[in-house]
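An overview of the molecular structure
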Amino acid sequence: MSHSHAPSLLTRLAEEYGTPFWIYDAGVLRSRIGKIKAITDSPNVQARFAMKACPATRVLKEMLANDIWIDCVSGNEVLRALHAGFSSGMDPARICFTADVFRDNALRVVLENGILPNVGSPGMIAQLAQAGYRGAVSIRVNPGFGHGHVNACDTGGPSSKHGVWIDDIAPVAESAKAAGLTVTMVHAHIGSGPQFQELYDNLGQLASEFGKLLPLFPEIHAVSLGGGIPHDYRNPDAEFPLENLKSLFAESQRKLSEIAGRTIHLEIEPGRFYVAPSGTLVARVTDVKSTNTNAKGLGAKFAMIDAGFVDLVRPAMYGSWHRIEIVGKEGQPTEPIVVAGPLCESGDVFTRDDAELLQPRQLPTPADGDLMTIHDGGAYGYSMASNYNSIGRAPQLWLEENGDVEVMSRRETLDDILMLENS
Ligand SMILES: Cc1ncc(COP(=O)(O)O)c(C=O)c1O
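Residues numbered from 1 in each chain as written. Predicted model: local features only at pLDDT ≥ 70, side-chain atom pairs only at ≥ 80, totals over all residues. Heavy atoms only, no water.

**A few points about the overall build of the protein chain**
In terms of regular secondary structure, the protein chain is built from 12 helices and 18 strands. The globule rule puts the C-alpha radius of gyration for 423 residues at 22 Å, and the 23 Å found for the protein chain is close to it. Relative to its full complement of 423 residues, the protein chain shows a buried share of 56%. Put simply, 71% of the contacts in the protein chain that link residues at least 6 apart link residues at least 24 apart. Summing over all exposed atoms, the protein chain offers an accessible surface of approximately 17800 Å²; the carbon and sulfur share of this is 50%. Positive and negative side-chain charges of the protein chain, numbering 36 and 50 respectively, have mean locations separated by a distance of 2 Å. (Helix = DSSP H or I, 4+ residues; strand = E, 2+ residues; numbered from the N terminus. Rg over C-alpha atoms; globule rule 2.2 N^0.38 Å. Buried < 20%, exposed > 50% of the residue type's maximum accessible area, 1.4 Å probe, protein only. Contact = heavy atoms within 4.5 Å. Areas by Shrake-Rupley, 256 points an atom, 1.4 Å probe, with all protein chains shown as cover. Lys, Arg positive; Asp, Glu negative; His and termini not counted. Charge placed at Lys NZ, Arg CZ, Asp CG, Glu CD.)

**Overview of the site of the ligand**
Lining the immediate environment of the ligand, one finds 15 residues, of which S192, G228, E269, R272 and Y380 sit closest. K52 places a side-chain nitrogen or oxygen 2.9 Å from an oxygen atom of the ligand. S192 places a side-chain nitrogen or oxygen 2.4 Å from an oxygen atom of the ligand. With the chains in place, 96% of the 390 Å² that the ligand exposes on its own is no longer accessible. (Near = heavy atom within 4 Å. Polar contact = N/O pair within 3.5 Å; in protein donor to acceptor, adjacent residues only side chain to side chain.)

**Things to note about the state of the cysteines**
Each disulfide is one covalent bond, formed between the sulfur atoms of two cysteines. By the definition in use, this model includes zero disulfides. Residue C72 stays outside any disulfide, its sulfur separated by 8.0 Å from that of C96, the closest cysteine. For C153, which is in no disulfide, the shortest distance to another cysteine sulfur is to C54 and amounts to 17 Å. (Disulfide = S-S within 2.5 Å.)

**Describing the domain arrangement of the protein chain**
Each assigned domain of the protein chain is listed with its residue range as follows: domain 1 (7–22 + 276–418) and domain 2 (40–270). In this structure, domain 1 and domain 2 have C-alpha centres spaced 33 Å apart. Opposite the 19 residues of domain 1 that make contact, domain 2 presents 17 residues. Here domain 1 meets domain 2 over a buried area of about 1500 Å², counting both sides, of which 63% is carbon and sulfur. There are two salt bridges connecting domain 1 and domain 2. Salt-bridge contacts for R58 lead to E406; the nearest nitrogen and oxygen are separated by 3.4 Å. At the boundary of domain 1 with domain 2, the tally comes to five residue pairs in polar contact (both at pLDDT 80 or more). Elements represented by at least two residues in the side of domain 1 that touches domain 2 include exactly α11 (314–318), β17 (396–399) and β18 (405–409). Classifying every residue of the side of domain 1 that touches domain 2 gives eight nonpolar, six polar and five charged. (Domains from an automatic or database assignment. Buried area = accessible area lost by both parts, 1.4 Å probe. Salt bridge = Lys/Arg side-chain N within 4 Å of Asp/Glu carboxyl O. Nonpolar A, V, L, I, M, F, W, Y, C, P; charged D, E, K, R; others polar.)

Right, here's the structure in full:
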């Protein structure tokens, strides 16, 4: 049990900050940072953090302290990375902006701060040029294949909106050259949360596809294989053969440099693997109720909790499985329990599959007032939170390895939500 799950600590924090709340375990995050460092400590191999997974400033500062660069997917993410202390400019490009559309302030922020634009749509080249830009650019490629834990997270292949289609790369390279832009990097992120072996095989294929593209880009000095290193939600301590990725990265960097006839830097940009296990959502059981088994045998026992998909949307959105425990009841006899949230939305259930069917979880018998922990929510947890039902986002707490607790972000109030409104 990591110390961020200690019953006495959680009980104290629940009294002090109310429920639900998020707790991030600094020690767990640092161990994951160490694992990625170990597989990227080859020459000319660099890791970025896909901050969309968990953009909290405290987490970004941890990445900065470990010389991990950042991948941003909006103008505001770029500003958040700068706010956390990452340097602007491209020497080196510690911040990269990856998108298929320049939304809101994105184009202005990228240009004003000299951020490397990694464009996923051909038209973005013209937009950059029209804005008077004549600098370095990266091209996000859709290589025609991809992977993901669900279709929605498969970002390569013919059904993906992401990236410039592989067959259009040559004309896009031409248009960049004609517009006075210099292509210095090619990138592909082909999906999130695949099986490990699938990731390994696909990244190997991707590296060789990029080898074929290099001759199109005489100024290129970097290739990014994107993110996608999975996290085993059912067995978070499972050890993937990460050393295989280390050799793949080193070998790909060597081969690509050989093809280009100069040093090519190889980049990866994990999100989930860094942060997933460090974040836990802590909620309070507010009621326990049952529906009688009807003719279809669909009755269930519900543990109602005060956290919902406004806090962690992955179960409702993807049918994702997250480990759930009742604090202080570990090891007690279990029964099938459906865990459901407070939202006025029947889909606000944490224990259902991607066919939207209830999947009762074997849990100790819940009782009003119990604290419940929903684990491995550090990635795509708070970052995908919302104000549905006008609910304010829960506070995020940072648990330092010495036991100190810091507030990363306070509970959002109605005043915060209404601040946007005129009336
Ligand atoms: C462009 C890009 N890079 C990196 C990532 C990180 O992926 P993961 O969290 O699976 O490592 C994503 C996530 O989908 C992404 O869209």
